[in-house]
Amino acid sequence: MANILLINGPNLNLLGTREPAVYGSDTLADVVSNCKKGAQKLDVKAFSDFQSNHEGAIIDRIHQARDEGVTGIIINPGAFTHTSVAIRDALLGVDIPFVELHISNVHAREAFRHHSYLSDKAVAVIAGLGVKGYDYAVDFVATSPKFRR
Ligand SMILES: O=C(O)[C@@H]1C=C(O)[C@@H](O)[C@H](O)C1
C-alpha cells in the first residue's frame, strides 16, 4: 500500500487567482481535496500534503518523509524546478521515488522553464494537463509497484 506525500512549491498557494489562463481557476484547497478523494478510492495507506514558498522548508519536509514511511512523493516544485540543486539532493538523499508535476506545459513556455533539476531522477514527469495532472499522479503512485516498500 502506498503512503503518498504531495508537495507544492512557491506561489502555488495562489492557485485559483494566479494567472488563471496558465494555472486554471481551481484553488490549492480544491487540488488537495480532489487528491484526497482519489487516494481514498485507491489502495492508499496514507496521504499527506505540504505547500511552502521557502526552499529550506520544502527540503525539511522531504527529509521528514523518510521518517514517516512515505513510499512516493508527488512534487510540483514551482519555480524551484528550474533552480534548486538542493531540492534535487534532498529527494536523492531520502531515496523516495517521486513524480515531478507541472500544471502548465513548461516546454511551451519561456526558455528558462525548459530545464528541470529533477526530471532525470523522476519516475515520471507530468506537465501541461492542468490540475488534472495531480489526479493522474495520485492514481499512478497508488497503483504502480514502483512506489511500494
Ligand atoms: O506549471 C507549473 O505548475 C509550474 C509552476 C510554477 O510556479 C512555475 O514557476 C513553473 O515554471 C511551472
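Analysis parameters
Residues numbered from 1 in each chain as written. Predicted model: local features only at pLDDT ≥ 70, side-chain atom pairs only at ≥ 80, totals over all residues. Heavy atoms only, no water. Core = buried A, V, L, I, M, F, W, Y, C linked by side-chain atoms within 4.5 Å. Buried < 20%, exposed > 50% of the residue type's maximum accessible area, 1.4 Å probe, protein only. Helix = DSSP H or I, 4+ residues; strand = E, 2+ residues; numbered from the N terminus. Contact = heavy atoms within 4.5 Å. UniProt positions renumbered as here; feature names shortened; annotations may be inferred. Near = heavy atom within 4 Å. Polar contact = N/O pair within 3.5 Å; in protein donor to acceptor, adjacent residues only side chain to side chain. Areas by Shrake-Rupley, 256 points an atom, 1.4 Å probe, with all protein chains shown as cover. Nonpolar A, V, L, I, M, F, W, Y, C, P; charged D, E, K, R; others polar. Salt bridge = Lys/Arg side-chain N within 4 Å of Asp/Glu carboxyl O.

(A) Representation of the nonpolar core within the structure. Membership of the largest hydrophobic core comes to 25 residues, with the highest contact counts inside it found for I4, F47, I74, I103 and Y134. At the level of elements, β1 (2–8), α2 (28–41), β2 (44–51), β4 (98–102) and α5 (132–143) are the ones that each hand at least two residues to this core. If we ignore the near neighbours within four places in the chain, the residues touching Y134 are L6, N8, V31, C35, N76, L101 and I103. Ranked by size, the runner-up nonpolar core spans 18 residues in total, among them I59, A65, I73 and A90.

(B) Spatial organisation of the UniProt feature "binding site: substrate" (unreviewed entry) in the chain. Feature annotation in UniProt assigns "binding site: substrate" (unreviewed entry) to the following positions: N76, H82, D89, I103, S104 and R113. With a sequence span of 38 residues, these residues are also far apart in the fold, their greatest C-alpha distance being 24.2 Å. Mapped onto the secondary structure, D89 falls in helix α4 (residues 85–94). Along the chain, S104 falls in the loop between β4 and β5 (124–127).

(C) Fine view of the environment of I7. Turning to its location among the elements, I7 is positioned in strand β1. Spatially, the C-alpha atoms of I7 and I58 are 7.7 Å apart, while their sequence positions differ by 51 residues. I7 has contacts with F50, I58, I62, I73, I74, I75 and N76, leaving out every residue within four places of it along the chain.

(D) Focus on the site of the ligand. Around the ligand there are 13 residues in total, and N76, H82, I103, S104 and R113 lie nearest to it. One of the side-chain nitrogen or oxygen atoms of R18 is found 2.8 Å away from an oxygen atom of the ligand. The separation between an oxygen atom of the ligand and a polar side-chain atom of S104 is 2.6 Å. Protein coverage of the free-state accessible area of the ligand, which is 310 Å², stands at 99%. When grouped by side-chain class, the residues that make up the shell around the ligand number 5 nonpolar, 5 polar and 3 charged.

(E) A look at the pattern of salt bridges. Taken as a whole, this structure holds 7 salt bridges when the rule is applied. A salt bridge links E19 to R18; its shortest N-O distance comes to 3.9 Å. You can call E19 partly exposed: its relative accessible area is 42%. A salt bridge links E110 to R113; its shortest N-O distance comes to 2.5 Å. Of the residues examined, E110 reaches a relative accessible area of 36% and is grouped as partly exposed. Residue class for R113 comes out buried when judged on its relative accessible area of 15%. Through salt bridges that share partners, R109, E110 and R113 make up one connected network.

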